[in-house]
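# Architecture and fold: a report
Here are the chains, one letter per residue:
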Amino acid sequence: MALRMWASSTANALKLSTSASRSALASPAFSLARSFSTVLEGFKYASSHEWVKHDGPDHLGEVVFVELPEEGKSVSQGNSFGAVESVKATSDINSPISGEVVEVNTKLSESPGLINSSPYEDGWMIKVKPSNPSELESLMGAKEYTKFCEEEDASH
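All of these numbers come straight from a predicted model, not from anything done at the bench. (Residues numbered from 1 in each chain as written. Predicted model: local features only at pLDDT ≥ 70, side-chain atom pairs only at ≥ 80, totals over all residues. Heavy atoms only, no water.)

### So, the pattern of salt bridges
Note that side chains of opposite charge can pair when their charged atoms are close. Taken as a whole and assessed by the stated rule, the structure comprises 2 salt bridges. With a shortest N-O distance of 3.9 Å, glutamate 151 and lysine 147 are connected by a salt bridge. Residue glutamate 151 and its partner lysine 147 are located together in helix 3 (residues 142-154), separated by 4 residues, close to a single helical turn. Judged by its relative accessible area of 47%, glutamate 151 is partly exposed. Classification of lysine 147 as exposed rests on a relative accessible area of 51%. (Salt bridge = Lys/Arg side-chain N within 4 Å of Asp/Glu carboxyl O. Helix = DSSP H or I, 4+ residues; strand = E, 2+ residues; numbered from the N terminus. Buried < 20%, exposed > 50% of the residue type's maximum accessible area, 1.4 Å probe, protein only.)

Right, here's the structure in full:
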């Protein structure tokens, strides 16, 4: 079993506009991402704004480059596994779970804008074989993540 992961950013000031479709919920893989405009049920969210799926006013801007790990590399919960560069900023991408990278979305090297246009479907970044599936329990569900984002936005 692998996790499909997507993450656009971990920086608090960076937010994405997305138009996620309900078909993304049918995917059997896990996924990682950050998005304030859509928070979906069935996902788990890290306080650093990445999400995992089992299988606002400020915007990141057009993503122009994505740095991702190679297959076979290990990722650790809470640690950076890559970076996203946009026309506005560059930000590390933190992994909400630990495990081994089993697949990298090679489409992103040619079309990094998929991160903006299709984050829940075509814009995934890496698939990870989890080394500690119990880490999912430390992540937030949709309601908890929505509340966390509202509180975080209110404090800025």
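### Quick word on the packing of aromatic side chains
One pass over the full model with this rule turns up 1 aromatic pair. Taken together, a centroid distance of 4.2 Å and an interplanar angle of 10° make the contact between tyrosine 45 and tyrosine 145 stacked. A residue is classified by how much of its surface remains accessible, and tyrosine 145, at 0% relative accessible area, is buried. Sitting above the plane of the tryptophan 124 ring, lysine 127 keeps its charged end 5.3 Å from the centroid. (Phe/Tyr/Trp six-rings, centres within 6.5 Å; stacked < 30°, edge-to-face > 60°. Lys NZ or Arg CZ within 6 Å of the ring centre and 35° of its normal.)

### Thoughts on the pairing of strand 8 (residues 99-104)
Inspection of the sheet shows strand 5 (residues 74-75) paired to strand 8 by 2 bridges, in the antiparallel sense. Its bridge partner lying in strand 8, valine 75 is registered against glycine 99. Examined bridge by bridge, strand 8 and strand 9 (residues 126-130) share 5 bridges and lie antiparallel to one another. Paired with glycine 99 across the strands is proline 130, a residue of strand 9. (Pairing = 2+ DSSP bridges.)

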